[in-house]
Every structure is written in structure tokens, then in C-alpha cells.
Amino acid sequence: MGLQLMFDDSRPGSGIEVRGLSHVFEGAGGHPLKVLDDVSFRIDKGEFVSIVGPSGCGKSTLLEIVAGLQDFQSGIVTIGGAKPRRGNRDMGLMFARDCLLPWRSALENVALGLEVRSVPGDRRAQCEQWLNEVQLGEFVNALPAQLSQGMRQRVALARTFALEVPYLIMDEPFGALDAQTKVALGGVLMQVWEKHADRTVMFVTHDLSEAIALSDRVIVLSRRPGRIIADIRIELDRPRQADSLQQSAEFHAIYSELWGLLRKEVSAAPAMTRTEVLT
Ligand SMILES: Nc1ncnc2c1ncn2[C@@H]1O[C@H](COP(=O)(O)OP(=O)(O)OP(=O)(O)O)[C@@H](O)[C@H]1O
């Protein structure tokens, strides 16, 4: 554990690489607002890496840059060796809003990405299988309005995994859920990802417990402008069980280390309270 800037030039082309990334927005009144400062890291193929940091430190901006949704001023970013681009077919995105189409059933929503990408094969069978994996096998014909928020987010999870893409980019996908549902959904994501662990995941969250439970590594950003203050490998055995993790001394030790790093940054960032980091 501890500060390690994981960067290895020996394996270019695989995974996600960010080198010397800095970005300045035009802020209020036209003043420059530096949000990212010389950020460098690599996410290897098949790794699950979370990004945490105080509110407003640039986590979503970083994720949007990697997803090709946001231009940047300086640095190098590659995904599988290629530059970020909007609509990258190797990448699935998931956000706090489920973005389900209300007139389509759960199954039809899962199938949407496959239809758009003209994925061949028996889409119905594939989508049923993914709905089973997120424990919604009995709800294939339900409309989004007939599902709870947590169930809708499960459909969104199934839709994202159904794309069978190597890179998954997730920005607080469970951020809008209540605490218990969030833990349950984290458990579902953990199970599905562990079963399909060749997917490279970049996951932004406010929630340290969620980051530790899910990740192989947690990258901690400073307050704005975000720079990396730690890159911590989570050495908890897999497969992991959300419930038993919370009881483990190792989990609490990692939590304390992360919170110790963030506390200073958070206390200097008035927009974020301890509760916001920990919820
Ligand atoms: N398009 C934009 N134009 C100008 N400023 C922006 C833009 N997008 C984000 N910002 C600003 O950049 C800073 C970083 O925003 P970002 O959403 O990346 O932070 P974050 O760490 O994800 O925050 P949170 O944890 O609260 O979601 C914020 O001050 C935000 O107001």
C-alpha cells in the first residue's frame, strides 16, 4: 500500500494510458479554471480502477476526456493505443442516470446498444442472459416505470455489459441510489465483473467503501486542480463478498489510509463534507 505512481512503458497499446494530462476550462467571468494538473497513470487490460477525490477536483472531467466527450489542452491519452474518440465502439459508458427508454421493456433496453451496433447473433438470448446475471431474469418484459430505481440501474448495468466491449467507463453509476441499494448494486457489479474480468474498468465515485470493495487500485486526486496524490493497490482476495468485506480488518485499514489522504484535501475544499466522501 502507499503512494505508487504505476507507470510502465513496456506495454504500450493495451489498457488506458494517461500521461501528463492537464486541462483548463474557461470558468465564470472568462477566468481560467485549471481542473487537472499533470495527471499520469495506466490502467492495465482487465484492471478495475476507481478514481476518488474531493468534489470538483476534476474526476468527471478526467473520465469524459478518456471517453472522448471532452477535449483537453495538454498531455497524452490513449485507450488500447488509440486516441479518445466520442462513440468509441470498444467502450461502454454508464452514469448515475439510467437513461432507459420508457417505452421499451427491460429486455428491449438491454438490446438497444446491440441493435445500434448491429451486433449479430440471437440478441434476445444474449439479453436474457445478461438480465439473469443482474438478477432480473423475471423482469424481462417489465417497462422501466414498473421497476424500482435500483432495478432500472441493474438494467443499465446489463445493457453496458451486454455490449461485450473491452473498456467500461462508469461515473458514479450508483450515485443516485439509497445506501442499501447502492451496496447491493455494488455487489452485483462485483459479481458480474469478476465473472467477466477481462473488462478494463475506470470507475469514478465519491464513496470510499465502494471504491475499495470493487477495485484492484484506487487513485486519489487532490482538490482542484486534480493531481494524483496516491495510487493504492487493493490487495483484498477475490471473489469478494460485499457483506463480509465490511467486517474485515484489512478493509478498514485501507479505508483509514484513504480517508487520511483525503481528509486534508476535503477540509480545504468547502464544497465537500466528510459525509459526502463517505456516503
Ligand atoms: N464544461 C465546463 N466548463 C467550465 N467549467 C467546467 C466544465 N465542466 C466542469 N467544469 C468545472 O470543472 C471543475 C471540475 O468538475 P468535475 O465535474 O470534473 O469535478 P468532479 O470531481 O467530478 O466533481 P463532483 O465530485 O462534484 O462530481 C468544477 O469546478 C466544474 O465547475
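Under the annotation held in an unreviewed UniProt entry, the protein carries the name NitT/TauT family transport system ATP-binding protein and is attributed to Paralcaligenes ureilyticus. What UniProt states about the protein under its Sequence similarities (unreviewed entry) heading is, verbatim, "Belongs to the ABC transporter superfamily."

It is worth spelling out the sheet that holds strand β6 (residues 167-171) at this point. Ordered by their spatial adjacency, six strands build an open sheet running β5-β6-β7-β3-β8-β9, and the pairing between neighbours is mixed. Edge positions in the open sheet fall to β5 (91-95) and β9 (228-233), since each of these has one partner strand only. Averaged over all adjacent pairs, the angle separating strand axes in this sheet is 15 degrees, with direction ignored. Bridging between β5 and β6 involves five bridges; their strand directions are parallel. Within the sheet, the bridge partner assigned to Phe95 lies in β6 and is Asp171. Sitting on the sheet, helix α1 (residues 59-66) touches β3 (48-52), β6, β7 (200-204) and β8 (217-221), and the angle it makes with β7 is about 150 degrees.

On to the sheet that holds strand β2 (residues 32-43). Picture the strands of a sheet paired through backbone hydrogen bonds; they go either parallel or antiparallel. Within the open sheet, the three strands sit side by side as β2-β1-β4. Their pairing is antiparallel. Looking along the sheet, the strands with just one partner apiece sit at the ends: β2 and β4 (74-79). Averaged over all pairs of adjacent strands, the angle between strand axes in this sheet comes to 25 degrees, irrespective of strand direction. Pairing of strand β1 (residues 16-26) with β4, which is carried by five bridges, proceeds in the antiparallel orientation. Each residue of the ladder has a partner; that of Ile16, found in β4, is Ile79.

Right, let's talk about the packing of helix α2 (residues 106-116) against helix α3 (residues 123-133) for a bit. Two elements in contact, α2 and α3, have axes separated by 9 Å at closest approach and are oriented at 115 degrees. Seen from above, α2 lies across α3 with right-handed handedness. Across from Ala106, Leu107, Val110, Ala111 and Leu114 in α2, the residues of α3 making contact are Arg123, Arg124, Gln126, Cys127, Glu128, Trp130 and Leu131.

Attention shifts here to the nonpolar core. The biggest cluster of nonpolar side chains holds 77 residues, and the ones touching the most others in it are Val110, Ala158, Ile169 and Met202. A per-element tally of this core places helix α4 (residues 149-162) first, with seven residues.

With five of five residues buried, β8 is to be regarded as a mostly interior element. Burial along β8 is two-sided: Arg217, Ile219 and Leu221 facing one way and Val218 and Val220 facing the other are all buried. Across four bridges, β3 lies against β8 in parallel orientation. By the bridge assignment, Val52 is partnered in β8 with Val220. In the sheet, β8 pairs with β9 via five bridges, with the strands oriented antiparallel. Within β9, the position partnered with Arg217 by the bridge is Arg233.

A few words on the packing of α3 against α4. At a minimum axis distance of 9 Å, the contact between α3 and α4 shows a crossing angle of 130 degrees. Between α3 and α4, the interaxial angle falls into the category oblique. Between α3 and α4 lies a crossing whose hand is right-handed. Counted together, Gln126, Cys127, Trp130, Leu131 and Glu133 of α3 and Ala158, Phe161 and Ala162 of α4 form the full contact between these two elements. Per-class residue counts for the contact of α3 with α4 are six nonpolar, one polar and one charged.

Near the ligand there are 14 residues, and of these Phe25, Ser55, Lys59, Ser60 and Thr61 occur at the shortest range. Within the residue set of the shell around the ligand, elements represented by two or more residues are β2 and α1. Its residues assigned to classes, the shell around the ligand shows four nonpolar, eight polar and two charged.

Conventions and cut-offs
Residues numbered from 1 in each chain as written. Predicted model: local features only at pLDDT ≥ 70, side-chain atom pairs only at ≥ 80, totals over all residues. UniProt positions renumbered as here; feature names shortened; annotations may be inferred. Pairing = 2+ DSSP bridges. Helix = DSSP H or I, 4+ residues; strand = E, 2+ residues; numbered from the N terminus. Axes fitted to C-alpha atoms, helices over the stretch in contact; angles between N-to-C directions. Contact = placed C-beta atoms within 7 Å. Left-handed = near helix turned anticlockwise from the far one by under 90°. Core = buried A, V, L, I, M, F, W, Y, C linked by C-beta atoms within 7 Å. Buried ≥ 20, exposed ≤ 12 C-beta atoms within 10 Å, placed from the backbone. Parallel < 35°, antiparallel > 145°, perpendicular 65-115°, else oblique. Nonpolar A, V, L, I, M, F, W, Y, C, P; charged D, E, K, R; others polar. Near = placed C-beta within 6 Å.

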